[in-house]
Amino acid sequence: MMRSTLILLITALVLPLGLAAQEIGFEARVDRNTFEVGSSIRLTVTLTNAKAGFAEPDLGGLTVVQGPFESSSFNYINGRMSSSVSRTYVLTATRPGTYTIGPATAQVGGGTLRTQPITVKVEKGSGTTSDRLLNEGQQRDRDLFVTISLSKDKVHVGEQVVATYTLFSRYPNLELSKYDLPALNGFWAEEIDQGETTWEDRTTTVNGLQYRVAVLKKQLLFPQRSGKLRIEPLRITCIVNRSFFNRGSQVEALSNATEVQVLPLPPNAPPGAEGTVGTYTFTGSLDRDRLRADEAMELTLTVAGTGNLKLIEEPALDLPPDVERYDPKVNDRITVSGGGMSGSRSFQYLLIPRHAGELVLGPFTLSFYDPEADGYRTVQAGPFTVQVEPGTGGGQAQLMRPSKADVEVLDTDIRFLRTGDLGLRPAGHHLLGSWAWWSGMAAPVLAFALFALVRHRREKSLADPLGRRRREADKVARKRFKEAHAALQNNAREPFYTAMNKALHGYLADRFALGAAEVNETALARALGDRPDAAALARQAVALIAACDMARYAPLETKPRQAMYEEAIALVQQLERP
């Protein structure tokens, strides 16, 4: 036992001396000095025969994909001992160029060790992403960027374009605080409902870096004018790396701006095709093909396909003159998705033929610009033939429909001369000095005098608030008694007594210039002055108010509501008498 302890003690004393006798080394190396964008290299920093921490080097613009990974080793061969500590980084580059990895440093025995700088060359290779937007976004910020992409960059006026706003993030924990959609000048926009914004199931690799991807928003855009239309950048604010012990930090990202070239629609558009863009079919149907005169039938015209269906207006109907029509009912079955706007819009017309005979409706036409065919198209629905039988009145004559011919001007002659009262006035009659002239001169003076009188009365009324309060007491009481009468008619107990209390209490306070707490029997009797019935009137008023309060807050009514209402009206009328 003592022998084993002695061996361990000798080993512990000799081991540091053996390590100190070995040469200390500190170096950095890469597995290759040339690689392509999207691939990676391994940087290894190794400290030999020393125990010290070392700072990582300046990577010179290269991005850490994985790591750092640390490893250590200890060897004892033929009495010689050695140890090493290594730190390995997996690096990549997002664009071609020449990069210099700076020296790593380590503090050993009071001194500083440095590795040699390393130069690597990054070439553009097959691993580079072909998406320009992703390359530009990654160059703005390798950890977080946003892109705006368009389904088309060249369209015609009215042709639909899908705009997609996409977020790319390398942060393990990210909360989207807010984002402001850019203003859309020259576009008519339709939001595409995607539900709740979530991360996609798979990550996306851009130039060797993996990103989580979330589609923030999709919009369906319809340019309204020709030229180059610009969509400004999208700005977002995020909180990253938030945890229970960390409030996280705020990060902002700005997307790219994008432009779309909008071409004008070709000239020589057929009638009705102005502004109608898409790929459509046009169908029609009648709910019946035989009916009596003066009966109604329903004509349905349906436009279906892809395009801005919400802007399609009702087709023009060229109907015979004896067919009465009403404004159509519009039925939409339109879906807005990432593929654009599609569905159908139907127009239901109510038609009433007024005479018997064979009735031909249509054909009805729809003209539009088709982007897929790059030209105008005209489609038609119909014609439809309807047999109209005589109405129930009987003896109805067949209508001879006039032919549609232009009005022909046969000849021109002297135009019609006006006769009768021409509104002439005798010679020498002038406006100056007439009654109209004097009226016009006196009107401003009279208006000013009236204005001064009204203003004087208003200022006098404002200077006497108590008098104004007394004068308006009856008017306010009438309004509140009207509310009480309405509650009485509706048999509403609580609203009736509330309105009665406000009417009596408010009238007495305003009429005699009393405060809200001064409406009592003594104050009312004093305010009534020398009237012989002052005490009786004051007692009656206070009793009515008390009865209203009792009925409001307790299930006790001292007298019928109609009798109480009539008594209150009689009291107010008696108080108004001098």
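Remember, predicted model here, so these are calculated numbers, not experimental data.

## Things to note about the sheet that holds strand S20 (residues 249-254)
Next, step 1: Strands sit in the order S14-S19-S20 across an open sheet of three strands; the sheet is antiparallel. Among the strands making up the open sheet, the edge pair consists of strand S14 (174-180) and S20. Between one strand axis and the next, the sheet turns through 25° on average, direction left out of account.
Next, step 2: Relative to S20, strand S19 (residues 235-240) runs antiparallel, the two sharing six bridges.

## Quick notes on a nonpolar patch on the surface
Next, step 1: A cluster of nonpolar side chains, Leu 450, Leu 453 and Val 454, forms an exposed patch at the surface whose accessible area comes to about 290 Å².
Next, step 2: Turning to its location among the elements, Leu 450 is positioned in helix H3 (residues 435-463).

## Concerning the packing of helix H6 (residues 521-528) against helix H7 (residues 534-553)
Two numbers describe a pair of packed helices, the interaxial angle and the distance between the axes.
Next, step 1: One can describe the packing of H6 onto H7 by two numbers: an axis separation of 8 Å at closest approach and a directional angle of 140°. Relative to H7, the element H6 lies oblique. When the axes of H6 and H7 are compared, the crossing they make is right-handed. Contacts between H6 and H7 involve Glu 521, Leu 524, Ala 525 and Leu 528 from the first element and Ala 534, Leu 537, Ala 538, Arg 539, Ala 541 and Val 542 from the second.

## Focus: the packing of aromatic side chains
Next, step 1: Counting across every chain of the model gives nine aromatic pairs.
Next, step 2: Ring centres of Tyr 280 and Phe 368 lie 5.2 Å apart, and the angle between their planes is 80°; on these two criteria the pair is classed as edge-to-face. Separated by 88 residues along the polypeptide, Tyr 280 in strand S22 (residues 278-286) and Phe 368 in strand S29 (residues 364-370) bring together distant segments of the chain. The two residues Tyr 280 and Phe 368 agree in class, both being buried.
Next, step 3: A cation over a ring is seen here: Arg 212 above Trp 199, with NZ or CZ 4.2 Å from the ring centre.

## Here's the deal with H6
Think of an α-helix as 3.6 residues a turn; residues three or four steps apart then line up on the same face.
Next, step 1: Where H6 is concerned, the buried positions are Ala 523, Leu 524 and Leu 528. Down the axis of H6, the buried side of the element spans an arc of 130°, and every buried residue falls inside it. Of the exposed residues in H6, those oriented more than 90 degrees away from the buried face are Thr 522 and Arg 526.
Next, step 2: Those residues of H6 hidden inside the fold are in contact with helix H5 (493-511), H7 and helix H8 (561-576).
Next, step 3: Positive phi appears at Gly 529, one or two residues downstream of H6, with a value of about 75°.

Scoring rules and cut-offs
Residues numbered from 1 in each chain as written. Predicted model: local features only at pLDDT ≥ 70, side-chain atom pairs only at ≥ 80, totals over all residues. Heavy atoms only, no water. Pairing = 2+ DSSP bridges. Helix = DSSP H or I, 4+ residues; strand = E, 2+ residues; numbered from the N terminus. Axes fitted to C-alpha atoms, helices over the stretch in contact; angles between N-to-C directions. Patch = residues over 30% accessible without salt bridge, like charges linked within 9 Å, V, L, I, M, F, W, Y side chains within 5 Å. Areas by Shrake-Rupley, 256 points an atom, 1.4 Å probe, with all protein chains shown as cover. Salt bridge = Lys/Arg side-chain N within 4 Å of Asp/Glu carboxyl O. Parallel < 35°, antiparallel > 145°, perpendicular 65-115°, else oblique. Left-handed = near helix turned anticlockwise from the far one by under 90°. Contact = heavy atoms within 4.5 Å. Phe/Tyr/Trp six-rings, centres within 6.5 Å; stacked < 30°, edge-to-face > 60°. Buried < 20%, exposed > 50% of the residue type's maximum accessible area, 1.4 Å probe, protein only. Lys NZ or Arg CZ within 6 Å of the ring centre and 35° of its normal. Arc of directions from axis to C-beta.

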